[in-house]
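A closer look at the structure
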Amino acid sequence: MKAITPLQIYMMSTQFLFSTAIGFFIGPLVLKAGFMSWISVILGSGIGLAMTYLSFRLMQRRPEEFLAHYGMHIVGRWPHYIIFACVLLIHLYMAAFVLRELSDFIIQIYLPGTPEWAVVSLFGLCIARGVRSGPVHFFRSAQGLFLFSVISVFTFPLFVSSEVDTEKLIAFVTDFHPGGIWDGTLISSALFSETAFIVYLIPYFRNKERTFRMVAWSALTAAFVTIANIVATLMLFGSELTANLTYPTLEMIRYIWAGSFLENLDPLLIVFWLFSMLLKIGLFLMMGTLITAHLFGLKDHKPFSYGMAAAMIVLSIAMFESTADIEESTTQSQSILLLLKSSVPLLYLLVDSLRAWKGRKLAGQAD
Amino acid sequence: MIAVTIAFVLIAYHESRYLRSHRRSKRTVRLVLGFLTFLWLLASTVVLLHGRFSLGVAVTDLFKPLQQLLFIEE
């Protein structure tokens with residue numbers, strides 16, 4: 001069972017964090033925080049890591065058990081079932097949501113005219129197979145293309161270096177509006193707090209005490225990648241245009257190669273990012289599936305995997321009417337949904353600590 | 001709708017064969033099939049109401065006020 005190494009946790013978690021961050025969240029972030037989005041990313045990664053650290057403290061108390069199993073001893077049976085049913089639905093919703101964002105992107109840019117169900121079903125099928133193979137294989141596969149993935153996302157900003165307008169540099173320190181930076185911080189802390197996923201997978205990890213260190217390194221790497229991409233996009237397009245583009249990073253890649261001999265290379269770079277997206281959606285679905293199995297008291301998550309994947313595919317096709325709705329959802333409700341999901345372990349930690357404190361107090365009175 | 005039902009029936013058939021070949025208890029089979037039924041109901045409701053009711057917009061509307069509470073700028 002304990003087969004996921006700390007290095008695999010680092011590689012998985014890094015790709016998990018930067019995939020949607022650079023793909024879909026640069027627009028909403030810049031809309032709020034403008035040129036000073038980089039501060040929001042730094043603060044947000046700090047808050048996200050703090051939340052993950054608290055989840056890690058909860059895990060350290062029972063490192064060999066799943067939260068979905070022992071949670072009922074902390075908050076009581078029915079509250080636990082209700083909370084975890086919500087967590088399960090949020091994971092399913094998030095998987096469907098990210099899949100929809102991704103399929104919209106692929107259809108608009110690379111496969112115009114292809115029916116959505118075809119794209120979503122094929123991608124969903126890959127995810128279903130990945131989820132069925134279990135967390136250990138899934139983390140191992142994250143290791144496979146990690147270097148290519150990171151190198152390709154680092155390449156995005158490098159190529160624009162000759163095109164940028166250096167007079168915009170000053171705006172990175174002068175475009176200061178605290179309200180917007182706070183909002184941006186919330187957006188990025190929601191993204192970075194997603195690393196709290198370790199709480200659902202801890203019994204699979206080897207060298208558990210190194211888990212948090214690895215997650216912290218991954219958050220650092222992902223923050224660096226995200227900031228590099230935000231800075232490059234902002235230098236190229238400025239804050240107004242970046243905020244109003246649906247896919248700023250992609251526009252940047254397409255801008256670089258207009259007219260150059262590398263023009264047809266952008267799908268090659270996108271392919272590695274696509275792999276990170278597959279890991280992201282797959283991990284959401286994996287956690288949903290594992291939580292289902294654990295809630296029912298089963299050890300094997302496999303029988304639920306195809307059903308969950310089918311539901312994800314159908315939801316992803318049918319739950320939104322248009323890209324405008326998706327964009328509204330991304331800016332208006334995604335952050336709070338992710339923050340709520342990540343703060344569930346904190347609730348358990350709080351109740352567990354209160355119980356331990358009360359127990360000690362009672363023991364003290366008895367003495 | 002028909003495609004969704006067919007997909008779920010096929011999945012249910014596949015999973016019940018998988019469970020039987022691994023000699024799982026009857027309780028496990030019931031739980032898995034029950035959960036598949038729940039997912040089928042969820043998926044088919046969303047498909048049937050497509051165009052009149054959008055789950056994504058409903059979730060957005062549900063969480064929007066909470067997010068506006070935390071955010072400073074509109």
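Looking up chain A in an unreviewed UniProt entry gives the name GerAB/ArcD/ProY family transporter, with the organism given as Paenibacillus sacheonensis. Quoted verbatim from the Subcellular location (unreviewed entry) heading of the UniProt record, the comment on chain A is "Membrane". You can read under Sequence similarities (unreviewed entry) in the UniProt record for chain A the words "Belongs to the amino acid-polyamine-organocation (APC) superfamily. Spore germination protein (SGP) (TC 2.A.3.9) family."

Turning next to the overall build of chain A. Assigned secondary structure in chain A consists of 17 helices and 0 strands. Whereas a compact globule of 367 residues would reach a radius of gyration of roughly 21 Å, chain A reaches 21 Å, a difference of no more than 12%. In terms of overall dimensions, chain A has a C-alpha envelope of 75 × 45 × 35 Å along the principal axes. Counting the 367 residues in chain A, one finds 63% classified as buried. Within chain A, residue pairs in contact and separated by at least 24 positions form 86% of the contacts whose partners lie at least 6 positions apart. Total accessible area on chain A stands at roughly 14000 Å², and carbon and sulfur atoms take up 67% of it. In chain A, which carries 24 positive and 23 negative side-chain charges, the distance between the mean positions of the two groups comes to 19 Å.

Below, the discussion takes up the packing of aromatic side chains. Scanning the entire structure with this criterion turns up 26 aromatic pairs over all chains. Centre to centre, the rings of Phe 105 of chain A and Tyr 110 of chain A are 6.3 Å apart; their planes meet at 80 degrees, and the pair counts as edge-to-face. On the numbers, 5.9 Å between centres and 40 degrees between planes, the contact of Phe 35 of chain B with Phe 38 of chain B is tilted. A residue pair is termed a helical-turn pair when its members lie 3 or 4 positions apart in one helix, as Phe 35 of chain B and Phe 38 of chain B do in helix α2 (residues 26-48) at 3 residues. The partly exposed category is assigned to Phe 38 of chain B, whose relative accessible area is 38%.

Turning our attention to the environment of Arg 355 of chain A. Residue and element names in this part refer to chain A. Assignment of secondary structure puts Arg 355 in helix α17 (residues 334-366). With relative accessibility at 47%, the residue Arg 355 sits in the partly exposed group. In the structure, Arg 355 is positioned 280 residues away from Val 75 in sequence and 9.6 Å away in space, judged by C-alpha atoms. Setting aside residues up to four positions removed in sequence, Arg 355 forms contacts with His 73 and Ile 74. For Arg 355, the side chain forms a polar contact with the main-chain oxygen of Ile 74, separated by 3.0 Å.

The subject of this paragraph is the interface of chain B and chain A. On the chain A side, the residues contacting the 38 residues of chain B number 42 residues. Summed over both sides, the interface of chain B with chain A buries roughly 3500 Å², with 71% coming from carbon and sulfur. Summed over the shared surface of chain B and chain A, the number is 3 salt bridges. Salt-bridge contacts for Arg 24 of chain B lead to Asp 300 of chain A; the nearest nitrogen and oxygen are separated by 3.1 Å. Top element by residues in the side of chain B that touches chain A is α2 of chain B. It accounts for 12 residues.

Helix length check: α17 of chain A, at 33 residues, gives a terminal C-alpha distance of 49 Å against a target of 48 Å (1.5 Å per residue), a fit within 8%. Ser 343 of chain A marks the point of greatest bend in α17 of chain A, at about 35 degrees, and the proline Pro 345 of chain A comes within the next four residues.

Definitions and cut-offs
- Residues numbered from 1 in each chain as written.
- Chains lettered and ligands numbered in written order.
- Predicted model: local features only at pLDDT ≥ 70, side-chain atom pairs only at ≥ 80, totals over all residues.
- Heavy atoms only, no water.
- UniProt positions renumbered as here; feature names shortened; annotations may be inferred.
- Helix = DSSP H or I, 4+ residues; strand = E, 2+ residues; numbered from the N terminus.
- Rg over C-alpha atoms; globule rule 2.2 N^0.38 Å.
- Buried < 20%, exposed > 50% of the residue type's maximum accessible area, 1.4 Å probe, protein only.
- Contact = heavy atoms within 4.5 Å.
- Areas by Shrake-Rupley, 256 points an atom, 1.4 Å probe, with all protein chains shown as cover.
- Lys, Arg positive; Asp, Glu negative; His and termini not counted.
- Charge placed at Lys NZ, Arg CZ, Asp CG, Glu CD.
- Phe/Tyr/Trp six-rings, centres within 6.5 Å; stacked < 30°, edge-to-face > 60°.
- Polar contact = N/O pair within 3.5 Å; in protein donor to acceptor, adjacent residues only side chain to side chain.
- Buried area = accessible area lost by both parts, 1.4 Å probe.
- Salt bridge = Lys/Arg side-chain N within 4 Å of Asp/Glu carboxyl O.
- Expected span 1.5 Å × (residues − 1).
- Bend = angle between axes of the 7 residues up to and from the residue.

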